[in-house]
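# Residue-level structure breakdown
The lines below spell out each chain.
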Amino acid sequence: MTVTSRPNAGPLTVLVSTRAVLTLPDDSLTLSPATISISPVTGKIVAIVPEVLPQASFPPSTTYINYGSKLLIPGLVDAHVHLNEPGRTEWEGFNTGTRAAASGGVTTVIDMPLNAIPPTTTLAGFKEKLAASQGQCWVDVGFYGGVIPGNADELLPLVEAGVRGFKGFLIESGVDEFPAISSNDIALAMKTLNGTPTTLMFHAEMIPPIADSVGDAVQASEPPLAPHGDLKSYQTFLESRPPSFETYAIDEIISLAHLAPNLHLHIVHLSATQAIPILKAARKSGIDITAETCFHYLGLAAEGVENGDCRYKCCPPIREQRNQDGLWEELTAPDSCIKTIVSDHSPCTPELKLLPAQRQIIEAPHMHHSDSGVDMTADLALPAEKQATPVAKEVGDFFAAWGGISSVGLGLPILHTAALQRTKAGSASASAPALGLLDIVRLCSVATAKQVGLSHRKGALKVGMDADVAVFDDAEEWVLRSHGMLWKNKCSPWEGRRFAGRVRETWVRGHKVFELGGANGGFVGGKPVGEAITEKRVA
């Protein structure tokens, strides 16, 4: 077969491989040889042939790259990333966060409305964030809005401005500018957004004990008693954040869902498997609710966390191995309520993780203990002028450390490695098979693009889509070292882990933005080509 002419012929880039994950006309996925033709002018895929065509099939001016048996897959859409700019750029930023994403085959990230200052809870705040992103993004970036008490009038203007969805917390977020919402706030947001093409998402943790419905008391509930165990013990922290935190919150959300029958509801970073039957029952009753889980819940387990190693702290917490097994089983269930897997990349400075072998002096206003749902110091009750007094926090204290795990760009090797290990260990079975590469693409590209209303252009290798491509060597083994972490603060529980599978190249809209071992630290394009996605969501 020879490609002799094309309509509106211009520059052409052709990527070929004996293995590519293609999307068929019925939207199913298949692993096939492929020749993928891309217009670097439009950034779109213009043709796909399910066989390897030789270079002689194309005009001499064609950029032709044969990847042999390396996998060509659609770029990942990471639908849960905290880039923290403007305001907390010492934690992360558009430049460093999107570089890390690109290095791991992630071609689109969706930025959470916190921990930037200002948060994306107003139209003015959104405009400020967009201005900060200009010229800094190595991959495409979409944005979520936030739901906080008193901002209901901002929600529809944010929809018009192009946010991909909204997130609210049923427990304190840990940053003052993004407070928790009450049941009244949830109800008002549901009524406001009902019938709009958006998603209302929840950090679904709520402090027990609770009666049938806490109502507005979610903001006034007394925190649980201070833990009696060693604050450096991971078991103490895990017991302070039980599965009931998640199940109570999800029950509360579902109890209000009748207020928004035409609104997609979504639970972010689901950890506790006890919530799965609740979500499935709600879905069976007709409620449009889904959940996501995270790479760290699928690749890390509580039994492997050493006391004092606060790199592992996140909320909800990393739970026991049996809980992880249940999450894996749900991912391949025919009626699974977990539709996507994301990073929840939530970085901070190493000091806030309390890792150095000495006490750290941290200014209390930047991070209260309420991040753990337990106020260990009662500093919020102090007068404002006294809150600014530096508070000494002990190294290894899980209740004082910031909760969040850095992992954007690591999703492919994390999932591929864990799936192989589960198969080798016999954890997979006929009733709960291990994830294959098609499953990973489905959960991390196809479904995440759909979750944020971008499936018309992202998450699939098919004609007319954005030419977002990851080149994945599923056979390469490597170890993550500090120098391989491209996010701003080189602090992650994944450091030192051995992975099977590595991204070799990443293409964003027809432009190669990353090549492992290439010039400029691998960022061979030399400058960011990512764009802010502000098109109004229609689906």
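See the structure shown above.
This section reports on the structure supplied with the text. (Residues numbered from 1 in each chain as written. Predicted model: local features only at pLDDT ≥ 70, side-chain atom pairs only at ≥ 80, totals over all residues. Heavy atoms only, no water.)

On to the overall build of the chain, then. If you tally the helices and strands in the chain, you get 12 helices and 19 strands. Within the chain, buried positions represent 58% of all 539 residues. In the chain, the share of contacts with a sequence separation of at least 24, taken over all contacts with a separation of at least 6, comes to 76%. (Helix = DSSP H or I, 4+ residues; strand = E, 2+ residues; numbered from the N terminus. Buried < 20%, exposed > 50% of the residue type's maximum accessible area, 1.4 Å probe, protein only. Contact = heavy atoms within 4.5 Å.)

Let us now look at the side chain of Ser343. Checked against the element boundaries, Ser343 lands in the loop between strand S14 (338-342) and strand S15 (360-363). At 2.6 Å, the side chain of Ser343 forms a polar contact with the side chain of Asp78. Of note is the side chain of Ser343, whose polar atom sits 3.0 Å from the backbone nitrogen of His345. Dropping the residues within four chain positions of it, Ser343 is found in contact with Asp78, His80, Val81, Cys294, Phe295, His296, Ser407 and Val408. (Polar contact = N/O pair within 3.5 Å; in protein donor to acceptor, adjacent residues only side chain to side chain.)

Moving on: the nonpolar core. Judged by nonpolar contacts, the single largest core of 117 residues is most densely connected at Leu200, Phe202 and Ile267. Residue contacts for Phe202: discarding those within four places in its chain leaves Gly168, Leu170, Ile181, Ile186, Met190, Ile253, Leu265, His266, Ile267 and Val268. Core analysis: the second largest hydrophobic core is formed by 15 residues, Ala20, Ile36, Ile45 and Trp507 among them. (Core = buried A, V, L, I, M, F, W, Y, C linked by side-chain atoms within 4.5 Å.)

On to helix H12 (residues 437-451). An α-helix turns once every 3.6 residues. As a result, residues three or four positions apart point the same way. In this model H12 runs 20 Å from its N-terminal to its C-terminal C-alpha over 15 residues, within 8% of the 21 Å that 1.5 Å per residue would give. Maximal helix bending in H12 amounts to about 30°, located at Leu443. Downstream of H12 by a residue or two, Gly453 has a phi angle that is positive, lying close to 70°. (Expected span 1.5 Å × (residues − 1). Bend = angle between axes of the 7 residues up to and from the residue.)

This part takes up the packing of aromatic side chains. Per the stated rule, a full pass over the model turns up 13 aromatic pairs. Here the aromatic rings of Trp494 and Phe499 are separated by 6.1 Å at their centres, their planes lie at 45°, and the arrangement is tilted. Among the aromatic residues, those joined into a ring-pair cluster are Tyr234, Phe237, Phe398 and Phe399. Seen from the ring of Phe523, Arg99 lies directly overhead, with NZ or CZ sitting 4.0 Å from the centre. (Phe/Tyr/Trp six-rings, centres within 6.5 Å; stacked < 30°, edge-to-face > 60°. Lys NZ or Arg CZ within 6 Å of the ring centre and 35° of its normal.)

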